[in-house]
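# Chains, contacts and geometry: an overview
Here is how the chains run, residue by residue.
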Amino acid sequence: MEVSWRCGGKKDRMAVPFGKLTARLLANPKVEAEYDALAPEFEIAAELLRARRRAALSQSELAARMGTSQSTIARLESGQTLPNTKRLLRFAKGTDSKFRIRLSAASSAMRLS
């Protein structure tokens, strides 16, 4: 996958492979820490997207089932909006999914004494 930036005309186009860009950005410890901190939110967004696709629904169809807008579904699936429990329950019902929360033990290095 390539990410392209366009500065001016077509001759000014520069493409950087996504993996290379990611590696370059994550080499910065501050960027890596922020990236890791956002991982749970992106996991939620990815799970919402999987549930909608499993239900074979468009964003508009799911929005109608949930009584919300298509743009709200898009924000949830992109990770721009972190859903509350009530919205997660409505999403689960709209996609005919079972809602579960699971907390796992942190690695021993992360545990507080």
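The structure presented is a predicted model; accordingly, all values stated were derived computationally and were not measured. (Residues numbered from 1 in each chain as written. Predicted model: local features only at pLDDT ≥ 70, side-chain atom pairs only at ≥ 80, totals over all residues. Heavy atoms only, no water.)

## Side note on the nonpolar core
Counting 10 residues, the largest nonpolar core consists of Leu48, Ala51, Leu57, Leu62, Ala63, Met66, Ile73, Leu76, Leu88 and Phe91. Listing elements by their share of this core, those giving two or more residues are helix H2 (29–54), helix H3 (59–66), helix H4 (70–78) and helix H5 (85–94). Counting residues per element, this core draws most heavily on H3, which supplies 3 residues. Setting aside anything within four residues of it in sequence, one finds Phe91 in contact with Leu48, Ala51, Arg52, Leu62, Met66, Ile73, Leu76 and Glu77. (Core = buried A, V, L, I, M, F, W, Y, C linked by side-chain atoms within 4.5 Å. Buried < 20%, exposed > 50% of the residue type's maximum accessible area, 1.4 Å probe, protein only. Helix = DSSP H or I, 4+ residues; strand = E, 2+ residues; numbered from the N terminus. Contact = heavy atoms within 4.5 Å.)

## Section: the packing of H2 against H4
How two helices pack is summed up by the angle between their axes together with the distance between the axes. Running from N to C, H2 and H4 cross one another at 125 degrees; their axes reach a closest spacing of 6 Å. One finds that H2 runs oblique with respect to H4. Note on element contacts: H4 touches H2 through Ile73, Leu76, Glu77 and Ser78, opposite Phe42, Ala45, Leu48, Leu49 and Arg52. A per-class count over the contact of H2 with H4 returns 6 nonpolar, 1 polar and 2 charged. (Axes fitted to C-alpha atoms, helices over the stretch in contact; angles between N-to-C directions. Parallel < 35°, antiparallel > 145°, perpendicular 65-115°, else oblique. Nonpolar A, V, L, I, M, F, W, Y, C, P; charged D, E, K, R; others polar.)

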